[in-house]
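# Inside the fold
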Amino acid sequence: MSVLAGELKWWQQEIVYQIYPRSFQDSDGDGVGDIRGIISRLDYLSKLGVGVLWLSPVYKSPQVDNGYDISDYCDIHEEYGTMADMDELIAQAAERGIRVIMDLVINHTSDQHPWFIESRDPASPKRDYYIWRDGREGGGNPNNWTSFFGEDCWFYDEKSGQYYLHLFAKGQPDLNYHNPAVLEEIKSIMRFWLDRGIAGFRCDVINIIFKDSLEDGRRRLILTGSEHYISRPGTHEILQKLRSEVLDNYDCFTVGETVFVTPKMGQDLCDPERRELDMIFSFEHMETDQFIVKWFKRRFHAGRFGKVIERWQQAVYWPAVYLENHDQPRSVSRFADDQLYWRESAKMLAVLLLTQRGTPFMFQGEEIGMTNFDFNSLEQLQDVESHNIDRLLRRFHVPAGIRWRMLKRTSRDNARTPVQWSREAGAGFTSGKPWLGINKNHNKINVAAQEQDEESVLNFYRCLIGLRKQREVLIAGDFKLIEAKRSRIVYERSLGHERMLIILSFSDKPQRISYRGDMIVSNYDRQTFDGKLSPYEAAILEIIM
Ligand code: ISL
């Protein structure tokens, strides 16, 4: 699939930077990041060259799932600041030519949301905002579905005398999209934020919001019942309504987080003709180092990874390209080498991220090559998912050592440790006690040190972002996979007469290859390319035709 250059929309030409507010920058010493902290770093973000900030949820929330459990969509969580801070962030970002998008979490609310509190009364008009059901005859959950977070997905509420559905944590009841009043509420929330000047939404688990039926599902290892809610026709209808009745009235874009999608489902969700979402995040490349579920890891294989990347580059009209987010371990620890070849690896992954077709989404800290956490016990983890999974594994008598090994490699807290701004205690993130541990390697991997070092990962990102902006072939050119092997991935980008070859080594051994071209970028100190690839080398070659 190709998109004609010259017809690109603004959000197709920008790079999006995801901020996980809790861990980005604390301004008041309470150990939790906040909006004023983000404002204080806008110049840094502007110099990096990103054009859009995606804020993970900053709404009022009891923080069971770090804000993905919202109790008021039109107010700000007190630890993060106030509505005035948020307005200032939007305005100050705009002054620097940066737009802000927000996380729209509408599959579920918090159980502390006033809608849910009211809905616990069976006689309330809000009862039908959520999915309440009687248990089975003879007792037990209404159906055999299982949740995303390794616990039951039904909770029996004594007050109501019924169960409610929660596909995530118990504090995240699912909304009922068979009730049209729910969609009306969501539309007004979207307008509220768009009217304040935001430029769009990242839509959380958006392809599962509509549950076709609540019948038992086919038994599977994970997510029994998911055939009743993954990318159902009802979801497509809702997305079309949100588009025509709300989004079309603003200059904005949407990117949907879409779980368990096939390439066909993915394309249907963001096909411009269908007028639903603009882009989607798919997960298949994130699953290439696992068996069925992420807790069962298998060795990373660059060939498998490259083929999946190519499949999605071809499948969707306009890809959302990412290697990291707040739910995934750090890419340099996962796909390359975070020790001996850390610097080369982090730069090589920067090339992979910034030379694919589509809009790149980077995650805070990725630009300095932050690594997985260095914790050594479960007590150091905060993530609700990690604790639930540990409890589940314990039920199956999995020994403590194995449980910890599984969680250590996969826990979402790997990505959530505070941004390493400097080598000081608190890493320049906070003057207080950070809400989650800071990696000890902040004395080596930090922004301040990389500002001083011309060869740093940070400066490499800045250069590459600059290059991408100048060369439309990198943004919109066709993508063609040339090689995908355990040791390397090679692909070509082409647009009109322009051709670029991207060569990426995923090996700690030197290699020889036959491709040639004019070197325009290297993560080693080289001006020309002679076919010798050093460990984790990345090269962008221009092919003159
Ligand atoms: O994190 C995951 C895999 O470990 C996913 O299953 C994740 O739960 C899924 O991608 C949905 O994620 C989104 O919605 C969740 C929230 O916890 C995540 O942080 C968010 O990105 C519920 O709102």
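Everything numeric in this text was worked out from a predicted model, so none of it was measured. (Residues numbered from 1 in each chain as written. Predicted model: local features only at pLDDT ≥ 70, side-chain atom pairs only at ≥ 80, totals over all residues. Heavy atoms only, no water.)

Interface size is commonly expressed as the accessible surface area that is lost when the partners come together. If you check the domain split of the chain, you get domain 1 (11-105 + 181-380 + 414-464), domain 2 (114-165), domain 3 (381-410) and domain 4 (477-542). For domain 2 and domain 3, the distance between their C-alpha centres works out to 27 Å. Contacts between the two partners involve four residues from domain 2, matched on the other side by five residues from domain 3. The contact between domain 2 and domain 3 buries some 370 Å² in all, and 55% of this surface belongs to carbon and sulfur atoms. If you sort the residues of domain 2 by the area they bury against domain 3, F149, G150 and E151 come out on top, with a joint share of 95%. (Domains from an automatic or database assignment. Contact = heavy atoms within 4.5 Å. Buried area = accessible area lost by both parts, 1.4 Å probe.)

Bringing the site of the ligand into the picture now. Not every one of the 19 residues close to the ligand is listed here, only the nearest: D65, D204, E257, K294 and D327. Separating an oxygen atom of the ligand from a side-chain N or O atom of E257 is a distance of 2.7 Å. Interatomic distance of 3.0 Å between a side-chain N/O atom of R412 and an oxygen atom of the ligand. Burial of the ligand by the protein chains amounts to 93% of its free accessible area of 490 Å². The site holding the ligand turns out to be the largest pocket. (Near = heavy atom within 4 Å. Polar contact = N/O pair within 3.5 Å; in protein donor to acceptor, adjacent residues only side chain to side chain. Areas by Shrake-Rupley, 256 points an atom, 1.4 Å probe, with all protein chains shown as cover. 1 Å grid on protein atoms, 1.4 Å probe; cavity = no way out; pocket = protein on both sides within 12 Å on 5 of 7 lines; lining within 4 Å. Sits in = over half its atoms within 2 Å of the grid points.)

So, about the environment of R516. Take R516: it is sitting in the loop between β19 (511-512) and β20 (518-522). Taking the C-alpha atoms as reference points, R516 and G531, 15 residues apart in sequence, are found 6.7 Å from one another. Apart from residues lying up to four places away in sequence, R516 is in contact with F529, D530, G531, L541 and I543. A distance of 3.2 Å separates a polar side-chain atom of R516 from the backbone oxygen of I513. From its side chain, R516 meets the backbone oxygen of S514 in a polar contact 3.4 Å long. (Helix = DSSP H or I, 4+ residues; strand = E, 2+ residues; numbered from the N terminus.)

To continue, consider the sheet that holds strand β7 (residues 154-157). Pairing is antiparallel across the open sheet formed by three strands, whose spatial order is β6-β8-β7. Across the chains shown, the open sheet's two edge strands, defined by having one partner strand only, are β6 (132-133) and β7. Pairing of β7 with strand β8 (residues 162-165), which is carried by four bridges, proceeds in the antiparallel orientation. For D157, the partnering residue across the bridge sits in β8 and is Q162. (Pairing = 2+ DSSP bridges.)

This next bit is on empty space enclosed by the protein. Counted by the stated rule, this structure contains five cavities of 30 Å³ or more. Considered as a void within the structure, the largest cavity measures approximately 180 Å³ in volume. Taken together, 13 residues form the lining of the largest cavity, with S282, H285, W312, A320 and V321 sitting closest to its centre. Tallied by class, residues from the lining of the largest cavity come to nine nonpolar, four polar and no charged. (Points joined across faces, edges and corners; volume = space filled by probe spheres on them. Nonpolar A, V, L, I, M, F, W, Y, C, P; charged D, E, K, R; others polar.)

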